[in-house]
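# Structure at a glance
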Amino acid sequence: MPKRSSQVSLSLVAGASRRDVSDTELARGLAAGEAWAIGLAWHRFAPMVLTTAERSLGSRSDAEDLAQEVFLNVFRSVKTLREPAKLRSFIYSFAIFALKSELRRRKLRGWLSFLTPEALVELGSGSVDVESRDLLRRFYALLDRLSARDRLVFSLRELESMTVEEIAEVMNISVSTVKRSLAHAAARLSRWIMADPDLADVFDTRRWQR
């Protein structure tokens, strides 16, 4: 992923305060351009965006670039938020849009996991424990072969443990579309993993067939 220029620095996490501020008050502070609100928004929501991006993209550095882009766009657009209490969902929608765009760019470039083992993130506690970095890289290479939508639906379901209904809401698609996309991704990944004896020994693909 090419580096993105951004005025939003990761250093914003330092000095964030006012943890008792509600999301509604925070959204109003952002809309008013309050400096404290910018730092607090990053402190409160950046971990959510970074974790999702890391697991979906497989790279910490790419996730950090994407998170800065997401928050820059959030800060520019927050005045359009009609329901301040839904600030978390508002930010997450920007993250999902950015992830879909990045996955499409990768697909167009034909990028099949040009990542070093050190760049790959560990899978979450709700997924299979993969000790081998080489196996983890091969797994992400298979994810790269999916369409952007199928990969994102699969990642949100299996790596983020989101419900089908939650995925439908954040991706702005129907529940039936989520189910079809999830089934398609699971079927293809299962087939590819079974063709790789090493991966087949690690991943129990039967848990995806539900």
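Right, let's walk through the structure included here. (Residues numbered from 1 in each chain as written. Predicted model: local features only at pLDDT ≥ 70, side-chain atom pairs only at ≥ 80, totals over all residues. Heavy atoms only, no water.)

To continue, consider the overall build of the chain. In terms of helices and strands, the chain carries nine helices and zero strands. When its helices and strands are written in sequence order, the chain yields α-α-α-α-α-α-α-α-α. Of all 210 residues assigned to the chain, the portion counted as buried reaches 49%. Put simply, 65% of the contacts in the chain that link residues at least 6 apart link residues at least 24 apart. Entry remark: accessible area of the chain is about 10700 Å², with carbon and sulfur atoms responsible for 51%. (Helix = DSSP H or I, 4+ residues; strand = E, 2+ residues; numbered from the N terminus. Buried < 20%, exposed > 50% of the residue type's maximum accessible area, 1.4 Å probe, protein only. Contact = heavy atoms within 4.5 Å. Areas by Shrake-Rupley, 256 points an atom, 1.4 Å probe, with all protein chains shown as cover.)

On to the packing of aromatic side chains, then. Two measures describe an aromatic ring pair: the distance that separates the ring centres and the angle between the ring planes. As enumerated under the stated definition, the model contains four aromatic pairs in all. Look at Trp42 and Phe71: their rings are 4.8 Å apart centre to centre, the planes differ by 55°, and that puts the pair in the tilted class. With a gap of 29 residues between them, Trp42 in helix 2 (residues 35–57) and Phe71 in helix 3 (residues 60–77) connect regions that are remote in the sequence. As far as the burial class goes, Trp42 and Phe71 line up, both buried. Relative to Phe94, the ring of Phe90 lies with its centre 5.0 Å away and its plane at 70°, an arrangement referred to as edge-to-face. With Phe90 and Phe94 both in helix 4 (residues 87–109) and four residues apart, the pair spans about one turn of that helix. Given the relative accessible area of 13%, Phe90 is considered buried. (Phe/Tyr/Trp six-rings, centres within 6.5 Å; stacked < 30°, edge-to-face > 60°.)

Take the packing of helix 2 against helix 3 next. Packing of helix 2 against helix 3 leaves a shortest axis separation of 8 Å and a crossing angle of 135°. Comparing their axes, helix 3 and helix 2 come out oblique. By crossing handedness, the relation of helix 2 to helix 3 is classed as right-handed. Touching Ile38, Ala41, Trp42, Phe45, Ala46, Val49, Leu50, Ala53, Glu54 and Leu57 of helix 2 are Arg60, Asp62, Ala63, Glu64, Leu66, Ala67, Gln68, Val70, Phe71 and Phe75, all from helix 3. (Axes fitted to C-alpha atoms, helices over the stretch in contact; angles between N-to-C directions. Parallel < 35°, antiparallel > 145°, perpendicular 65-115°, else oblique. Left-handed = near helix turned anticlockwise from the far one by under 90°.)

What follows covers helix 8 (residues 175–194). In this model helix 8 runs 28 Å from its N-terminal to its C-terminal C-alpha over 20 residues, within 8% of the 28 Å that 1.5 Å per residue would give. Burial in helix 8 covers these residues: Thr177, Val178, Ser181, Leu182, Ala185, Ala186, Leu189, Ser190, Trp192 and Ile193. Where helix 8 is buried, its residues touch helix 5 (133–144), helix 6 (148–159), helix 7 (164–171) and helix 9 (197–202). (Expected span 1.5 Å × (residues − 1).)

Core analysis: the largest hydrophobic core is formed by 61 residues, its most contacted members being Leu26, Phe71 and Leu87. Elements that contribute at least two residues to this core include exactly helix 1 (23–31), helix 2, helix 3, helix 4, helix 5, helix 6, helix 7 and helix 8. If sequence neighbours within four positions are ignored, Leu26 has contacts with Val21, Trp36, Ala37, Leu40, Ala41, Arg44, Phe45 and Leu87. (Core = buried A, V, L, I, M, F, W, Y, C linked by side-chain atoms within 4.5 Å.)

Two elements in contact, helix 1 and helix 2, have axes separated by 8 Å at closest approach and are oriented at 135°. Here helix 2 runs oblique to helix 1, going by the angle between their axes. The interaxial crossing formed by helix 1 with helix 2 has left-handed handedness. For the pair formed by helix 1 and helix 2, the contact residues are Asp23, Glu25, Leu26, Gly29 and Leu30 on the first element and Trp36, Ala37, Ile38, Leu40, Ala41, Arg44 and Phe45 on the second.

Structurally, the position occupied by Glu102 is in helix 4. Side-chain polar atoms of Glu102 contact the side chain of Arg105, separated by 3.0 Å. (Polar contact = N/O pair within 3.5 Å; in protein donor to acceptor, adjacent residues only side chain to side chain.)

Glancing now at unusual backbone geometry. Its identity as a non-glycine residue notwithstanding, Ser161 has a phi of 60°, on the positive side. One non-glycine residue, Asn172, lies in positive phi territory at about 60°. When its relative accessible area of 71% is taken as the criterion, Asn172 is described as exposed.

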